[in-house]
Amino acid sequence: MTKVTAQMSVSLDGFYTGPRASQDTKGWMRGPEAPGFFRVTRWAVDAAAWRERQGFAGGERSVDSEIVEETFAAAGAYVMGRRMFDAGEVPWGDEPPFHAPVFVVTHRPREVLERQGGTSFTFVTEGLERAIDLARDAAGGKDVAVSGGGELLRQVLAAGLLDQLDLHIAPVLLGEGQHLFGPGLGLGADDGIELVPERVVESPGVTHIRYTVTGRSKLVLDDRGASGELVGPAQAEQRSAL
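Keep in mind the model is a prediction, meaning the values are calculated, not measured.

K.L.:
Honestly, the overall build of the protein in this entry has me stumped. Any pointers?
P.N.:
Looking only at helices and strands, the protein has eight helices and 11 strands in total. Counting over 242 residues, the protein shows a buried share of 43%. Long-range contacts, defined as pairs at least 24 residues apart, comprise 61% of the intrachain contacts of the protein with a sequence gap of at least 6. For the protein, the accessible surface area stands at approximately 12900 Å², while carbon and sulfur atoms represent 54% of it.

In structure tokens form, the structure reads like this:
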């Protein structure tokens, strides 16, 4: 069954890049985002499977490389934000690493862009859900991979469309930058999005954690530290009236 999945590399304090640069995404590699981004993704860049996908030689044969290879093999189509596409269009070159249809969520229409190696970019102006529906149809029974950026991933989570999240946690503190999670999820004071850890893989440079996303739930008040009893909203109201 086709799942909607996402991969994201983050620092130990939850940043996936350095501080956000200006709107000139073409030159982002010279701005404040790039150092943090390349630090948290170093594990992938050093992996043989990633380098082979980019057409480069070398790289390490390791569990990290196996995870990169697994990730590419599972995806039948991709969804990404326009800002990520704009930043990657030139560096990806004539043969981007996706080798599958990519659907770009955008407000700016553009003709379908065909690239070598089976990659195509379709620009979807009808919204996130439409892009995911198109990606499902194109995935051929494989997964739909949300490939970023972080803002788009938050939108997918908030909309309840994500089935699986793989976090790759690099052992570094960036101190500031773009947080993966935060107010953009649209959660109230008594709301949460529940995830179940399914797999943990450790390597010297990164910890890989796979979660199944089970969806929104209401948070439960808990006074077990005081009396050993769980207190729900109704019981709390009764106690306050005493």
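K.L.:
Would you mind showing me how to read the packing of aromatic side chains here?
P.N.:
A full pass over the atoms with the stated rule returns eight aromatic pairs. For the pair Tyr78 and Phe98, a centre-to-centre distance of 5.0 Å together with 65° between the ring planes defines the contact as edge-to-face. One end of the pair, Tyr78, is in strand β3 (residues 75–81); the other, Phe98, is in the loop between α5 (82–92) and β4 (101–105), and 20 residues separate them in sequence. Pair check on accessibility: Tyr78 and Phe98 agree, each one buried. A ring pair is formed by Phe85 and Phe123, whose centres lie 5.0 Å apart and whose planes are at 80°; its orientation type is edge-to-face. With Phe85 in helix α5 and Phe123 in strand β6 (residues 120–124), this pair connects stretches of sequence that are 38 residues apart. Pair check on accessibility: Phe85 and Phe123 agree, each one buried. Through successive ring pairs, a cluster of aromatic residues spans Tyr78, Phe85, Trp92, Phe98, Phe121 and Phe123.

K.L.:
Help me out: how do you make sense of the pairing of β4 in this one?
P.N.:
Regular strands have side chains that alternate between both faces of the sheet. Of all the five residues making up β4, four are buried; the element is thus mostly covered by neighbouring parts of the structure. Here β3 runs beside β4; their pairing, made up of four bridges, is parallel. Paired with Val79 across the strands is Phe103, a residue of β4. For the handedness criterion, the β-α-β arrangement of β3, α5 and β4 is classed as right-handed.

K.L.:
How should I be thinking about the nonpolar core in this particular structure?
P.N.:
Proteins that are soluble and globular tend to have nonpolar side chains buried together. In this structure, Val79, Leu128, Val156 and Leu162 are the most contacted members of the largest nonpolar core, which totals 31 residues. Those elements that place two or more of their residues in this core are β1 (4–11), β3, β4, α6 (128–138), β7 (143–146), α7 (150–158), β8 (164–170) and β11 (206–218). Formed by 22 residues, the second largest nonpolar core is a distinct cluster that contains Ala49, Ala75, Met80 and Val206.

K.L.:
When you look at α5 in this model, what are you seeing that I'm missing?
P.N.:
Since the α-helix advances by 3.6 residues per turn, residues separated by three or four positions end up pointing in the same direction. Those residues of α5 that fall on the buried side of the exposure criterion are Arg82, Phe85, Asp86, Ala87, Gly88, Glu89 and Trp92. On its buried side, α5 packs onto β3, β4, β5 (113–114) and β6. Just downstream of α5 lies Gly93, where phi reads positive at about 75°.

K.L.:
Quick question: what am I supposed to make of the pattern of salt bridges here?
P.N.:
Note that side chains of opposite charge can pair when their charged atoms are close. Under the counting rule described, the total for this entry stands at 12 salt bridges. A salt bridge links Asp86 to Arg108, with the nearest nitrogen and oxygen atoms 2.9 Å apart. Note that Asp86 is positioned in helix α5 and Arg108 in the loop between β4 and β5, a separation of 22 residues in sequence. Judged by its relative accessible area of 11%, Asp86 is buried. What makes Arg108 partly exposed here is its relative accessible area of 44%. Ionic contacts of the salt-bridge type, sharing partners, join the residues Glu70, Asp166, Arg199 and Arg210 into one network.

K.L.:
It is not clear to me how the side chain of Asp191 should be interpreted in this structure. Could you clarify?
P.N.:
Structurally, the position occupied by Asp191 is in strand β10 (residues 191–203). In terms of polar contacts, Asp191 uses its side chain to reach the backbone amide nitrogen of Gly188, at 3.1 Å. Side-chain polar atoms of Asp191 contact the side chain of Lys218, separated by 2.7 Å. With residues up to four places along the chain from it excluded, the contact list for Asp191 reads Ser217, Lys218 and Leu219.

K.L.:
Whenever I open this one, the pairing of β8 confuses me. Can you help?
P.N.:
In terms of burial, β8 is largely enclosed, as six of its seven residues are buried. In the sheet, β1 pairs with β8 via seven bridges, with the strands oriented parallel. Following the sheet pairing, Val10 is matched in β8 by Ile169. When β8 meets β11, the two strands line up antiparallel, connected through six bridges. Residue pairing across strands places Gln164 opposite Thr212, the latter belonging to β11.

Rules and cut-offs
- Residues numbered from 1 in each chain as written.
- Predicted model: local features only at pLDDT ≥ 70, side-chain atom pairs only at ≥ 80, totals over all residues.
- Heavy atoms only, no water.
- Helix = DSSP H or I, 4+ residues; strand = E, 2+ residues; numbered from the N terminus.
- Buried < 20%, exposed > 50% of the residue type's maximum accessible area, 1.4 Å probe, protein only.
- Contact = heavy atoms within 4.5 Å.
- Areas by Shrake-Rupley, 256 points an atom, 1.4 Å probe, with all protein chains shown as cover.
- Phe/Tyr/Trp six-rings, centres within 6.5 Å; stacked < 30°, edge-to-face > 60°.
- Pairing = 2+ DSSP bridges.
- Right-handed = clockwise from strand over helix to strand, strands pointing away.
- Core = buried A, V, L, I, M, F, W, Y, C linked by side-chain atoms within 4.5 Å.
- Salt bridge = Lys/Arg side-chain N within 4 Å of Asp/Glu carboxyl O.
- Polar contact = N/O pair within 3.5 Å; in protein donor to acceptor, adjacent residues only side chain to side chain.

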